[in-house]
Structure formats: C-alpha cells, structure tokens
Amino acid sequence: MKKTRYWFTLCCLPLLTWAVGERIDIARFSQGELNGWQTREFAGETRYVLERSAGRLALHAESSSAASGLYRKVKIDLGKTPILHWSWKIENVLAGTDERTRAGDDYPARVYVVFSGGLAFWRTRAINYVWSNRQPVDSRWPNAFTGNARMIAVQSGPGRVGVWVEERRDVREDYRRLFGAEPGNADAVAIMTDTDNTGTAASAWYGDIWFSAE
C-alpha cells in the first residue's frame, strides 16, 4: 500500500490550532481533545482512542495487519516556530522487518510533517519521524514508496519499550538536510501506527504535539 502518498493530497480542511505565545498546539490529547483530526484508511483500520496509561491521558493506537492514520491540516511558519515537540510510548517493535523495503514499511509509531506542493501535488514532501524497528537512531532513508518522503529514526529497537519518551526536532533544519532546500510552511501533521505490510501487530501511545520557537 502506498501509505505515504496519501498525505500528499491533503487540502481544503479547516485550520484548527491553539496558539499561546510562541507555542502552537497541534494535539492536546492530554485534555481529551481530538478536534480537527481526520482519519484515513489504507489497509484495514488502526484503532485510535483516548485512554489513560498510568494516570496519563493520551491517544492509544492498536494495529493488527492494518494501516490507518490520523491527520490535521495546519499552517506552521517554520521561520517563527520550527521546533516540533511530542511524546510517545510503544508496547513492542516489529521484529525482523526491513523498513527500507515496501514489504517492511511498517512502524509501531510515526509522526509526519507534510509540506504541500499546492496544485503541483507531485512537489509535496513529507518528513516521517519514526520509532524504527532496527535502523540506527538518527539514520535517514527515502520512503519505500516515494522519494518525496524521507524517514528519520528518532527512536529504535526495544530498549525503551513501555517508557514514555519526550521528543524535540528542529523541522526546518531536518528539511534542509533531507531535501537540500529551504522549507515553506508546514501544512499538515499526521500520526500512524501501521502493520499492514508485515502482517504483524503493534500498540503505541501518543502524547501532546506542538511547535515552538527555538
């Protein structure tokens, strides 16, 4: 399934964000909010539901041989707020998979940032921040289905399974390194836990997501 290509067709959705000072909230799962998030199925349906884990309210994702994601249309000026923050926790990795191939293009957790090409949809690009199954942390590679999407292993392997991990990425700098150009505005954020290509199962948790100044 060409999972990544879907995010290149996002358009005409309401822009719903919460801004406080130089912080722009994209997801406030800890407040029980799912406003503005839309579902996209690729192969079966990953279950996403707000639940508590050790007293913490977050978005719980469960996937079994399935791939569907949640996305929000946003407009983020990376010149002002280039830093993406989020937290996540996984319950397992997908052992024995090679994520650089189409047959292995599954992850227990991933966060996308999408840059629209407007009417020139073929110019739309995406950064995938993934919890890799086996690739070294901070390694980078083209998505198995399209050269317009690049993968970054932010976490890798089972060493931190069951542990909440706080992440911080400079999206503007990552875009420069991955695509060799200056980014425009970020136009969408998406999350996905997917297991359709490998026929496996995964469970993960997503915390709040926001952008901030440097």
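Because the structure is a prediction, the values reported are computed rather than measured.

J.: Looking at this structure, how should I read the packing of aromatic side chains?
T.: Two aromatic rings are characterised by how far apart their centres lie and by the angle between their planes. Under the counting rule described, the total for this entry stands at six aromatic pairs. Arranged with centres 5.3 Å apart and planes meeting at 85°, the rings of tryptophan 86 and tryptophan 88 form a pair that is edge-to-face. You can call tryptophan 86 buried: its relative accessible area is 1%. The exposure class of tryptophan 88 is buried, given its relative accessible area of 0%. Look at tyrosine 175 and phenylalanine 179: their rings are 4.8 Å apart centre to centre, the planes differ by 45°, and that puts the pair in the tilted class. Placement of the pair is tyrosine 175 and phenylalanine 179 together in helix H2 (residues 171-179), with a separation of four residues, close to one helical turn. Counting every residue linked through ring pairs, the aromatic cluster contains Trp86, Trp88, Tyr129 and Trp131.

J.: Got a minute to help me understand the pattern of salt bridges in this structure?
T.: This structure, assessed with the given rule, holds 15 salt bridges. A salt bridge links glutamate 62 to arginine 47; the shortest N-O distance between them is 2.8 Å. Separated by 15 residues along the polypeptide, glutamate 62 in strand E5 (residues 56-64) and arginine 47 in strand E4 (residues 47-53) bring together distant segments of the chain. By relative accessible area, which is 38% here, arginine 47 ends up partly exposed. For arginine 169, the salt bridge goes to aspartate 174, with nearest N and O atoms at 3.0 Å.

J.: Is there a simple way to explain the pairing of strand E11 (residues 149-156) in this structure?
T.: Remember that side chains alternate between the two faces of the sheet whenever the strand is regular. Buried residues dominate E11, accounting for six of its eight residues. Relative to E11, strand E9 (residues 125-132) is paired through seven bridges, and the arrangement is parallel. Each bridged residue has a counterpart across the sheet, and for asparagine 128 the counterpart in E11 is methionine 151. In this structure, the hairpin formed by strand E10 (residues 140-142) and E11 is closed by a connection of six residues.

Criteria and thresholds
Throughout this document, residue positions are counted from 1 along each chain, in the order its sequence is written. Given that the model is predicted, a residue must reach a pLDDT of at least 70 before its local features are reported, and side-chain atom pairs must reach 80 or more before they are shown or counted; all residues, however, enter totals for whole chains, interfaces and linings. The side-chain numbers reported here are obtained from all heavy atoms of the structure, hydrogens and water having been left aside. Whether two aromatic rings pair depends on their centres lying within 6.5 Å, for rings of Phe, Tyr and Trp, where Trp uses its six-membered ring; planes under 30 degrees apart make the pair stacked, over 60 edge-to-face, and the rest tilted. For every residue, the accessible area (1.4 Å probe, protein chains only) is compared with the maximum for its type, and the residue is labelled buried under 20%, exposed over 50%, or partly exposed between those bounds. Only DSSP runs of H or I covering at least 4 residues are called helices, and only runs of E covering at least 2 are called strands; the numbering of each starts at the N terminus. By convention in these notes, a salt bridge is any Lys or Arg side-chain nitrogen within 4 Å of a carboxyl oxygen on Asp or Glu. A pair of strands is considered paired only if DSSP assigns at least 2 bridges between the two.

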